[in-house]
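Chain residues, written in single-letter form:
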Amino acid sequence: NAGVTQTPKFRILKIGQSMTLQCAQDMNHNYMYWYRQDPGMGLKLIYYSVGAGITDKGEVPNGYNVSRSTTEDFPLRLELAAPSQTSVYFCASSIQGVGGNEQFFGPGTRLTVL
Amino acid sequence: QQPVQSPQAVILREGEDAVINCSSSKALYSVHWYRQKHGEAPVFLMILLKGGEQKGHEKISASFNEKKQQSSLYLTASQLSYSGTYFCGTEGFSGTSYGKLTFGQGTILTVHP
């Protein structure tokens, strides 16, 4: 199993550009999450999904959109990129909700907006 | 609300012990602990659930005081590989906090030979 995969690994955007961060998992997990991590800080939840077709906002959803058409994929869309969105983005998955279930993280996408 | 971790940083020599604390202002259903090495993704260490159930790493132990909404991670006989940033993630009981983790700011642990 590849686990959780993310593409691209690095990306530089200009202000106002848009892009999609890809995330896929092959563990048949129901729950998927997108986090951002600013330098020297903890992880902040952007959006999460409890299954295909169901998504909900996390702590910092502004400026982002998500969709979940399949169990495996959970892309994150950035519209009109801003310097404040410079961060490392992690996708994670778990078989069910967090209660007793660990989250598996992807390797991350390092995004710089100039 | 974000849980508060203490200390912010710890420096150890191999073989020494350390305790990292995580405190929340709300009632907790679960506490998760993750370790992150520089430039890498967080890696799961431990889950503590209300009621005392624990799941996790054999060589790392933790406690969960439900009344005080606090958890502590105990690292004994530290090894060089223990170096990294440790994060607690907390899950509340109801409303917007259930089913999601809120992470602390992290504790940087450095182990020297």
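Residues numbered from 1 in each chain as written. Chains lettered and ligands numbered in written order. Predicted model: local features only at pLDDT ≥ 70, side-chain atom pairs only at ≥ 80, totals over all residues. Heavy atoms only, no water.

*Asks:* Tell me about the layout of surface pockets, and please be specific about residues and values.
*Replies:* Counted as a void, the largest pocket has a volume near 660 Å³. Taken together, 28 residues line the largest pocket, and the ones lying closest to its centre are A:Gln37, A:Arg110, B:Gln36, B:His38 and B:Gly39. Elements that contribute at least two residues to the lining of the largest pocket include exactly β9 (87-94) and β11 (109-113) of chain A together with β9 (84-92) of chain B. It is β11(A) that provides the largest number of residues to the lining of the largest pocket, a total of four residues. (1 Å grid on protein atoms, 1.4 Å probe; cavity = no way out; pocket = protein on both sides within 12 Å on 5 of 7 lines; lining within 4 Å. Points joined across faces, edges and corners; volume = space filled by probe spheres on them. Helix = DSSP H or I, 4+ residues; strand = E, 2+ residues; numbered from the N terminus.)

*Asks:* Talk me through the pairing of strand β3 (residues 19-25) of chain A; I want residue IDs and the actual numbers.
*Replies:* Residue and element names in this part refer to chain A. Where burial is concerned, the two faces of β3 differ: the one with Met19, Leu21, Cys23 and Gln25 is buried and the one with Thr20, Gln22 and Ala24 is not. With four bridges connecting them, strand β1 (residues 4-7) and β3 associate as antiparallel partners. Across the sheet, Thr7 pairs through a bridge with Gln22, a residue of β3. Note that β3 and strand β8 (residues 76-78) share three bridges and pair antiparallel. Within β8, the position partnered with Met19 by the bridge is Leu78. (Buried < 20%, exposed > 50% of the residue type's maximum accessible area, 1.4 Å probe, protein only. Pairing = 2+ DSSP bridges.)

*Asks:* An account of the sheet that holds β8(A) is needed here, citing residue identities and associated values.
*Replies:* For sheets, the rule is that strands pair by backbone hydrogen bonds, running either parallel or antiparallel. Residues and elements named next belong to chain A. Here four strands make up an open sheet; going across it, the order is β1-β3-β8-β7 and the pairing antiparallel. What marks the edges here is a single partner per strand, and that holds for β1 and β7 (64-66). Across the sheet, the mean angle separating the axes of adjacent strands is 20 degrees when strand polarity is ignored. As judged from the three bridges shared by β7 and β8, these two strands associate in the antiparallel manner. Counterpart to Val66 in the pairing with β8 is Leu76. (Axes fitted to C-alpha atoms, helices over the stretch in contact; angles between N-to-C directions.)

*Asks:* Can you tell me about unusual backbone geometry, naming the residues and giving the values?
*Replies:* The residue after A:Thr7, namely A:Pro8, is reached through a cis peptide bond having omega -5 degrees. With omega at -5 degrees, the peptide bond leading from B:Ser6 into B:Pro7 counts as cis. Examined against the element boundaries, B:Pro7 turns out to sit in the loop between β1 (4-6) and β2 (9-13). At A:Leu80, a position not held by glycine, the phi torsion is positive, near 55 degrees. Mapped onto the secondary structure, A:Leu80 falls in the loop between β8 and β9. Residue A:Leu80 is classed as exposed on the basis of its relative accessible area, which comes to 65%. The phi angle at B:Gln69 is positive, at roughly 55 degrees, despite the residue not being glycine. Tracing the chain through its elements places B:Gln69 in the loop between β7 (60-65) and β8 (70-75).

*Asks:* Can you tell me about the pattern of salt bridges, naming the residues and giving the values?
*Replies:* Residues and elements named next belong to chain A. One pass over the full model with this rule turns up three salt bridges over all chains. For Asp38, the salt bridge identified is with Arg36, shortest N-O distance 2.8 Å. The salt bridge involving Lys44 is made with Glu59; its shortest N-O contact spans 3.6 Å. Remark: Glu59 occurs in the loop between β6 (54-57) and β7 and Lys44 occurs in strand β5 (residues 43-51); sequence separation between them is 15 residues. Residue Lys44 is classed as partly exposed on the basis of its relative accessible area, which comes to 26%. (Salt bridge = Lys/Arg side-chain N within 4 Å of Asp/Glu carboxyl O.)

None of the figures reported here should be taken as evidence of function without further support.
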